[in-house]
Amino acid sequence: MKKKSFFSRAVRKVKSLVKGKAPAQPPQEPAKKYGLKLPEGLTHVGQMDGQLCSGCGACACTCPVGAITMVRDAEGYLVPAVDESKCIHCGKCTKVCPVLNTRHDNTPDPDCYAVMASDEVRRNSSSGGAFTLLAEHILEQGGYVCGAALDENFVVRHIIVDNAADLSKLRGSKYVQSDTDGVYLKIRELLKQGKQVLFSGCPCQVAGLNAFLGKRYPNLLLVDLVCHGGPSQKVFDRYLQDTYGKENLQDFKFRTKEFGYNSFNQIAYLKDGTKVPGNIAFDAYEKCMHSGLACKTVCAECPFAPAPRQGDITIGDFWGISRHKPEYNDNLGTSVFLVNNARGQEIWDAVRDRCKLAQSVPYDVARRNNRFGSHMEIPTGRDWFFHMLDSKPFATAVDYAIKRKFDVAIVGLWYGLNYGSMATYFALHQTLKKMGLSVLMVENSLCPDSENVYGKTHPRRLAHQFYDISARYPLRELHVLNNHCDAFLVGADQLWNVDLSRPYRQTYFLDFVDDNKKKISVGTSFAKEYGGSAEEKLVSSYNLRRFDHVSVRDELSRQICADWGVESTVICDPVLFCGKEDYEPIANQAKLTHDEKFLMAYILDPDDTTGKFLHDMAVATGCKVVAVLDLYPPLWEERRRRLNVDQYDDVEVKSEVDIFEWIWYYKHAEAVITDSFHGTIFSILYEKPFLTRTNYERGYQRFVSLLTPLHLESRMFNSFRDVPDPVGMLRELDYTVPNQALDAIRAEGLQWLRDALEAPKKVTSKGIYPVYGSEET
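In this text the structure is predicted, and so the values were computed from the model without any measurement.

**Quick notes on the overall build of the protein**
- Assigned secondary structure in the protein consists of 29 helices and 27 strands.
- If one aligns the C-alpha atoms of the protein with their principal axes, the spans along those axes are about 95 × 70 × 45 Å.
- Split into buried and exposed, the 777 residues of the protein put 57% on the buried side.
- In the protein, once contacts between residues fewer than 6 apart in sequence are set aside, the share between residues at least 24 apart is 72%.
- When the accessible surface of the protein is split by element, carbon and sulfur atoms take 49% of a total near 33000 Å².
- The positive charge centre, built from 95 side chains, and the negative charge centre, built from 98, are 6 Å apart in the protein.

Right, dumping it as structure tokens:
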């Protein structure tokens, strides 16, 4: 058996590090893959989701009034920007878009060849020299060749050449999305003049040129490349700057055969004459590119990759040819060469005699070892790679994303069937992300995913949109997360309430976290006096003393910490770290409308007077009451029965309210009636008049700790019957003073968290040698 190349072993190693890839799926069109729907009455490409755009630029060239320019999005990929003041809404850009209107005119079963150009040509080519054979043929006829080149600023652009001397600019791989700005228009002019033109590019770019031209020209040769998706120019720029300093670079080669053909190596040429080689085994850009980490999302479901292909001819590396015919690989490069139509056959007949090797090979051989299918796996680390790209060194972003390494892990009840828990962890997660940190949500160790049981109300509907989630580890294996995270945050919520934490043993006291990792509590609460056994208290207090920084959200919890010998700081609930603008992405997903004013009642534990009180408020205010109960489905019906409002037409109990709708109700309500701590918080965030009945069953002290500093304690009652002027209180509440206090409290909490995260970590060395900056045992 032929020994696998170092390249193939290295690629397998890199890909094996990319944990959590999506399972293989059948090919899908991009819009179906991402659940995207085009708006009705689409009149220009600016109205479609940017995830669908391949960046080919056909729309910009087609616009009759010059309203479209190709710009770089946040990830550095080319997308169309439409100037609404110029746009005449003719729809030509949508009609020319090859992704929206994919055509497959060529054969689904192309003739396939293994091709080698001369040794001299192949030494200067990335693979078997097929591009040079085709380009020289066109130039010999007085024609023009268009392909990707690396300019003096290390930007990859398509250019047009008309002589053999400039052909070297186009030869060789460029692992960056190329900018086709202006070349489609120039090609059309050349074609109209009767000139022979070869265009070489990714299949989407060939499809874009085809769509722009609107017809086939007999003097045009289209050559598409076997493509695995390319990083954006932004990614390449960051790599060059961080690794070499662009000002120090003379040239850069994405592929070199100095170390053999069956490997992936690159070389940076510095101005001082130094050559710096890179290899997929250690170079960050090689890992980034070949793992698919920096691939554009639309490339995962490329409609142009399978046959029928877009070009007259398809060329690329013939990976795997050695398994078919070992003699077809001499370690200097072999090209796969597909003849997709009659024009391709005409050119193949003209150049095949120039080949050192031109052997027919079954198409299935090429299909098994190259990308000729629409689906391509993209690492789950892709999104946080781009997030980290703006705040971390390039190599760190790649390493963290490929190995699933994170700055921070959040341990808590983000998966709980509770609106408050969902909102709390969303706020904490978004706060850390805004600080530029990568965040991992630690999966529930005990319970299977019950998403199918609880349907639309399940917290994972929110989680799948916003979070990176760990694998599910048994409690005894949670220590594995030490390999993936630098710091661990526990909080917020009542995680130290022994009745809640006991099934998880010491997880919420971070007993599984190594002492060389930072351990932080963020606004965690005991909720009530600690009720654990003497042994539980002994172990819990020991683990809590190993924390680096502890904050709690109420005075009772601070006092318990003090009794345990732990210094702690009272901060606001993490839900308050975010303003209402941060919750808009959630509220805006609710499929709700309202035609009349309403009061919102969020009731967790109704008593025999609650329903009558809601009815009275509806009558007195003239507003219907929309009642939402505790989310937990097994208890929902019992709570609805206890509310006892079936006889009232002006009180409507909503069932199966998801987190999106729950926040929407706060946003649009005239006022709020609640017995919930987090219900009170969202009343404050959305500046609604509210009445709060303190809920002793769920922790009285936290209501006091929330409302007193905001000067809103007058809104807190032991019973709704104790409210002196409920109608007046529901009609008006001046938030000037509470908002000033909230701004200060929020700033203090955020500063505490920032300081805790950025503070130096003292590490005790337990090895045979001291660790720099550590304390020896």
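**Notes on the packing of helix α6 (residues 130-140) against helix α12 (residues 342-351)**
- Following both chains from N to C, one finds α6 and α12 inclined at 95°, their axes separated by 10 Å at the closest point. On the basis of the axis angle, α6 is roughly perpendicular to α12. Here Leu-133, Leu-134 and His-137 of α6 come into contact with α12, specifically with Ile-347, Ala-350 and Val-351.
- Considering only residue class, the contact of α6 with α12 consists of five nonpolar, one polar and no charged.

**Considering unusual backbone geometry**
- A cis amide bond links Ala-307 with the next residue in sequence, Pro-308, at an omega value of 5°.
- Within the secondary structure layout, Pro-308 lies in the loop between α10 (284-291) and β11 (313-317).
- One non-glycine residue, Asn-331, lies in the positive phi region at around 70°.
- Position of Asn-331 relative to the elements: it lies in the loop between α11 (321-324) and β12 (335-339).
- The backbone of Glu-656 sits at a positive phi, close to 50°, despite the residue not being glycine.
- Note that Glu-656 resides in the loop between β22 (651-654) and α25 (659-668).
- Among the residues examined, Glu-656 registers a relative accessible area of 56% and is labelled exposed.

**Here's the deal with the nonpolar core**
- Counting 141 residues, the largest nonpolar core has Phe-385, Phe-394, Leu-432, Trp-496, Tyr-583, Trp-662 and Phe-682 as its most contacted members.
- Other than its neighbours up to four places away in sequence, Phe-394 contacts Val-235, Arg-238, Tyr-239, Asp-242, Ala-284, Tyr-285, Cys-288, Phe-385 and Leu-389.
- Residues Leu-190, Val-206, Leu-213 and Leu-220 belong to the second largest nonpolar core, which totals 36 residues.

**What about the sheet that holds strand β14 (residues 406-411)?**
- Spatially, the six strands line up as an open sheet ordered β15-β14-β16-β17-β18-β19, and their pairing is parallel. Looking along the sheet, the strands with just one partner apiece sit at the ends: β15 (439-441) and β19 (569-570).
- Relative to strand β18 (residues 549-552), strand β17 (residues 518-524) runs parallel, the two sharing three bridges. Bridge assignment links Thr-524 to a residue of β18, and that residue is Val-552.
- Lying on the sheet, helix α29 (residues 736-758) is in contact with β14, β16 (485-490), β17, β18 and β19; it crosses β17 at an angle near 170°.

**Brief notes about the packing of aromatic side chains**
- Tallied over the full model, the rule gives 46 aromatic pairs.
- Plain terms: the ring middles of Trp-496 and Phe-547 are 6.4 Å apart, the flat faces sit at 85° to each other, and that makes the pair edge-to-face. Of this pair, Trp-496 sits in the loop between β16 and α19 (498-501) while Phe-547 sits in the loop between α20 (534-545) and β18; the two residues are 51 residues apart in sequence, bridging distant segments of the chain.
- Taken together, Tyr-77, Tyr-175, Phe-236, Tyr-239, Tyr-244, Phe-252, Phe-254, Tyr-285, Phe-385, Phe-386 and Phe-394 form an aromatic cluster joined through their ring pairs.

**What to know about the sheet that holds strand β25 (residues 716-717)**
- Strand order across the open sheet formed by six strands is β22-β21-β20-β23-β24-β25, with parallel pairing between neighbours. In this open sheet, the two strands that pair with only one neighbour each are β22 and β25.
- Of the pairings in the sheet, the one linking strand β20 (residues 598-603) to strand β23 (residues 671-674) comprises four bridges and is parallel in character. Directly across from Leu-599, in β23, lies its bridge partner Ala-671.
- Along the sheet face, α25 touches β20, β21 (624-629), β22 and β23 and points at about 135° away from the line of β20.

**Focus on helix α24 (residues 633-643)**
- Every buried residue belonging to α24 is among Trp-636, Arg-639 and Leu-643, and all of these are buried. Summarising the axial view, the buried residues of α24 lie within an arc of 75°, below the 170-degree limit, and thus occupy one face.
- Packing partners of the buried residues in α24 comprise α23 (610-621), β21 and β22.
- Where α24 ends, the next residue or the one after it, Asn-644, has phi of about 55°, a positive value.

**A look at the pairing of strand β4 (residues 144-150)**
- In terms of burial, β4 is largely enclosed, as five of its seven residues are buried.
- As paired elements, β4 and strand β6 (residues 197-201) share three bridges and run parallel to each other. Across the sheet, the residue bridging to Val-145 is Leu-198, located in β6.
- With six bridges joining them, β4 and strand β5 (residues 156-161) adopt antiparallel strand pairing. From the neighbouring strand, Val-145 faces β5, where its bridge partner is Val-161.
- Connecting β4 to the next strand, β5, in antiparallel fashion are five residues, including Phe-154 with a positive phi near 65°.

**Things to note about the pattern of salt bridges**
- Considering all chains together, one arrives at 47 salt bridges under this definition.
- Note that Arg-693 and Asp-607 form a salt bridge whose closest N and O atoms lie 3.1 Å from each other. A residue pair is termed long-range when its members are at least 10 positions apart, and Arg-693 in strand β24 (residues 690-693) and Asp-607 in the loop between β20 and α23 qualify at 86 residues.
- In this structure Arg-693 comes out as buried when scored by relative accessible area, which is 8%.
- Residue classification places Asp-607 among the partly exposed residues on the basis of a relative accessible area of 26%.
- Between Asp-646 and Arg-640 there is a salt bridge, with the nearest N and O atoms lying 2.8 Å from each other.

**Description of the packing of helix α16 (residues 419-434) against helix α22 (residues 580-587)**
- Closest axis-to-axis distance for the α16/α22 pair is 11 Å, and the angle between their directions is 115°. When the axes of α16 and α22 are compared, the crossing they make is right-handed. In contact with Ala-423, Phe-426, Ala-427 and Lys-434 of α16, α22 contributes Asp-582, Tyr-583 and Ile-586.

**Focus on the state of the cysteines**
- On inspection of all chains with the given rule, the structure shows zero disulfides.
- Sulfur of Cys-59: no disulfide; nearest cysteine sulfur belongs to Cys-53 and is 6.3 Å away.
- No disulfide involves Cys-299; its nearest neighbouring cysteine sulfur is the one of Cys-295, lying 4.0 Å away.

**Observations regarding the pairing of β17**
- Here β17 lies mainly inside the structure; seven of its seven residues are buried.
- Bridging between β16 and β17 involves four bridges; their strand directions are parallel. From the neighbouring strand, Phe-488 faces β17, where its bridge partner is Lys-519.
- Considered for its hand, the β-α-β crossover made up of β17, α20 and β18 is right-handed.

**Observations regarding helix α27 (residues 700-707)**
- Turning to α27, its buried residues number three or more, namely Arg-702, Phe-703, Leu-706 and Leu-707. Around the axis of α27, the buried residues are gathered within 120° of arc, so they sit on the same side.
- Structurally, α27 contributes buried residues whose contacts are with α26 (677-685), β24 and β25.

**Remarks on the environment of Glu-536**
- Take Glu-536: it is sitting in helix α20.
- For Glu-536 and Arg-502, which are 34 residues apart along the polypeptide, the C-alpha to C-alpha distance reads 8.9 Å.
- For Glu-536, the contacting residues outside a window of four places in its chain are Val-498, Arg-502, Gln-506 and Tyr-530.
- In terms of polar contacts, Glu-536 uses its side chain to reach the backbone amide nitrogen of Ser-533, at 2.7 Å.

What counts and what doesn't
- Residues numbered from 1 in each chain as written.
- Predicted model: local features only at pLDDT ≥ 70, side-chain atom pairs only at ≥ 80, totals over all residues.
- Heavy atoms only, no water.
- Helix = DSSP H or I, 4+ residues; strand = E, 2+ residues; numbered from the N terminus.
- Buried < 20%, exposed > 50% of the residue type's maximum accessible area, 1.4 Å probe, protein only.
- Contact = heavy atoms within 4.5 Å.
- Areas by Shrake-Rupley, 256 points an atom, 1.4 Å probe, with all protein chains shown as cover.
- Lys, Arg positive; Asp, Glu negative; His and termini not counted.
- Charge placed at Lys NZ, Arg CZ, Asp CG, Glu CD.
- Axes fitted to C-alpha atoms, helices over the stretch in contact; angles between N-to-C directions.
- Parallel < 35°, antiparallel > 145°, perpendicular 65-115°, else oblique.
- Nonpolar A, V, L, I, M, F, W, Y, C, P; charged D, E, K, R; others polar.
- Core = buried A, V, L, I, M, F, W, Y, C linked by side-chain atoms within 4.5 Å.
- Pairing = 2+ DSSP bridges.
- Phe/Tyr/Trp six-rings, centres within 6.5 Å; stacked < 30°, edge-to-face > 60°.
- Arc of directions from axis to C-beta.
- Salt bridge = Lys/Arg side-chain N within 4 Å of Asp/Glu carboxyl O.
- Left-handed = near helix turned anticlockwise from the far one by under 90°.
- Disulfide = S-S within 2.5 Å.
- Right-handed = clockwise from strand over helix to strand, strands pointing away.
- Polar contact = N/O pair within 3.5 Å; in protein donor to acceptor, adjacent residues only side chain to side chain.

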